[in-house]
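The primary structure of each chain is shown beneath.
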Amino acid sequence: MTDNKLSMLILSDLHFEYRIHTVESWIRANCLALGVDVLVLAGDICAASQLVHVLGLFRKVFNGPNQHIVYVPGNHEHWMSSRVLVREACASAEATISNVHCLLNRSEVILGRTFIGGTMWWEKCDLAESQPYWSDFHMISGDPVATKVTRADGTPDIDFRTVSFKEWVYEENLAFQELIHSHLKAGTKDSIVVTHML
């Protein structure tokens with residue numbers, strides 16, 4: 001990298017979950033000759049259960065010591081899955097594949113630039129009337145939550161319930177907005193925002 005320039009390739013909506021057997025050949029055919037500093041994968045890349053495998057295949061091509069992969073999940077990574085499983089897949093990818101950065105409503109400085117990332121989702125008012133028709137509200141499961149409680153007789157217990165997609169999706173949007181605003185207030189320079197939703 002010279003003169004603080006950064007080269008990036010931005011990809012999204014590849015939907016390898018429907019053609020997992022073609023991932024490696026697609027990457028080699030379309031990305032092999034590109035010598036970019038940062039590959040940005042902005043969601044809807046594959047199913048959560050395939051994430052570590054697919055990011056590993058991308059890293060085989062983008063394998064330089066100063067090449068990085070920034071990943072933000074899309075809504076389709078959550079299909080037939082949950083927020084917990086997507087987060088676990090992201091944590092596993094970061095732990096096992098060098099220079100992979102899964103941004104879930106967080107920021108990270110990479111090669112001197114601040115990358116701010118998250119799925120973003122939607123504001124509550126955006127989909128109030130169309131929720132019954134929006135596939136995400138049917139295809140994404142809720143997350144189990146365990147809360148420590150005290151019974152009426154004073155003994156400790158654990159209360160299990162499921163936080164629905166409808167509940168957490170709006171919280172995620174608010175958290176993403178707060179993250180962006182915190183960087184704006186702090187005057188963060190040279191920032192790159194990566195999101196799947198608009």
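Because the structure is predicted, anything quoted here is derived from the model rather than measured.

Thresholds, definitions, all that
Residues numbered from 1 in each chain as written. Predicted model: local features only at pLDDT ≥ 70, side-chain atom pairs only at ≥ 80, totals over all residues. Heavy atoms only, no water. Pairing = 2+ DSSP bridges. Helix = DSSP H or I, 4+ residues; strand = E, 2+ residues; numbered from the N terminus. Axes fitted to C-alpha atoms, helices over the stretch in contact; angles between N-to-C directions. Contact = heavy atoms within 4.5 Å. Buried < 20%, exposed > 50% of the residue type's maximum accessible area, 1.4 Å probe, protein only. Arc of directions from axis to C-beta. Left-handed = near helix turned anticlockwise from the far one by under 90°. Nonpolar A, V, L, I, M, F, W, Y, C, P; charged D, E, K, R; others polar. Expected span 1.5 Å × (residues − 1). pLDDT = per-residue confidence, 0-100. Salt bridge = Lys/Arg side-chain N within 4 Å of Asp/Glu carboxyl O.

### Details of the sheet that holds strand 9 (residues 191-195)
And then number 1: Strand order in this open sheet of 3 strands is 5-6-9, and the pairing throughout is mixed. Since the sheet does not close on itself, it has two edges, and those belong to strand 5 (106-110) and strand 9, each with one partner. The mean angle between the axes of side-by-side strands here comes to 25°, regardless of whether they run parallel or antiparallel.
And then number 2: Note that strand 5 and strand 6 (residues 113-118) share 5 bridges and pair antiparallel. Counterpart to R106 in the pairing with strand 6 is G117.
And then number 3: Packed on one face of the sheet, helix 5 (residues 165-186) meets strand 5, strand 6 and strand 9 and runs near 160° to strand 6.

### Some remarks on helix 1 (residues 23-31)
And then number 1: Taken together, the buried positions of helix 1 are V23, I27 and C31. Relative to the axis of helix 1, the buried residues are bounded by an arc of 35° and lie together on one face.

### Points about the packing of helix 2 (residues 51-61) against helix 3 (residues 83-96)
And then number 1: Contact geometry of helix 2 with helix 3 gives a least axis separation of 9 Å together with a crossing angle of 35°. Here helix 2 runs over helix 3; the crossing is right-handed. Residues L51, V52 and L55 of helix 2 touch helix 3, and the partners they reach there are A89, C90, S92, A93 and T96.
And then number 2: When grouped by side-chain class, the residues that make up the contact of helix 2 with helix 3 number 6 nonpolar, 2 polar and no charged.

### Remarks on helix 5
And then number 1: Look at helix 5: 31 Å from first C-alpha to last across 22 residues, which is about the 32 Å you get at 1.5 Å a residue.
And then number 2: Among the residues of helix 5, those classed as buried are F165, W168, V169, Y170, E172, N173, F176, L179, I180 and H183.
And then number 3: One or two positions beyond helix 5, positive phi appears at G187, with a value near 70°.

### Section: the sheet that holds strand 3 (residues 68-71)
And then number 1: The sheet built from 4 strands is open, its strands ordered 1-2-3-4 with parallel pairing. Each edge of the open sheet is held by one strand with a lone partner, namely strand 1 (8-11) and strand 4 (100-102). Recorded for the sheet is a direction-independent mean angle of 15° between the axes of neighbouring strands.
And then number 2: Both strand 1 and strand 2 (residues 38-41) contribute to a ladder of 4 bridges, which runs parallel. Paired with I10 across the bridge in strand 2 is V40.

### Describing the environment of K124
And then number 1: Considering the arrangement of structural elements, one finds K124 in the loop between strand 6 and helix 4 (136-139).
And then number 2: Residues K124 and V169, spaced 45 residues apart in sequence, show a C-alpha to C-alpha distance of 8.6 Å.

### Examining the confidence of the model for the protein chain
And then number 1: Residue-level pLDDT values for the protein chain average 87, and 90% of them are 70 or greater.
And then number 2: At the low end of the mean pLDDT range in the protein chain sits strand 7 (residues 143-150), at 67; at the high end sits strand 4, at 98.

### With respect to the pattern of salt bridges
And then number 1: Summed over all chains, the structure comprises 5 salt bridges.
And then number 2: Measuring nitrogen to oxygen at the nearest pair gives 3.2 Å for the salt bridge that ties E172 to R83. Here R83 lies in helix 3 and E172 lies in helix 5, a separation of 89 residues in the sequence. Here E172 matches R83 in class, with each residue buried.
And then number 3: Between R87 and E172 there is a salt bridge whose closest N-O contact spans 2.8 Å. Of this pair, R87 sits in helix 3 while E172 sits in helix 5, and the two are 85 residues apart along the sequence.
And then number 4: Its relative accessible area of 36% is what places R87 among the partly exposed residues.
And then number 5: Among the ionic contacts, a cluster of salt bridges with common partners joins R83, R87 and E172.

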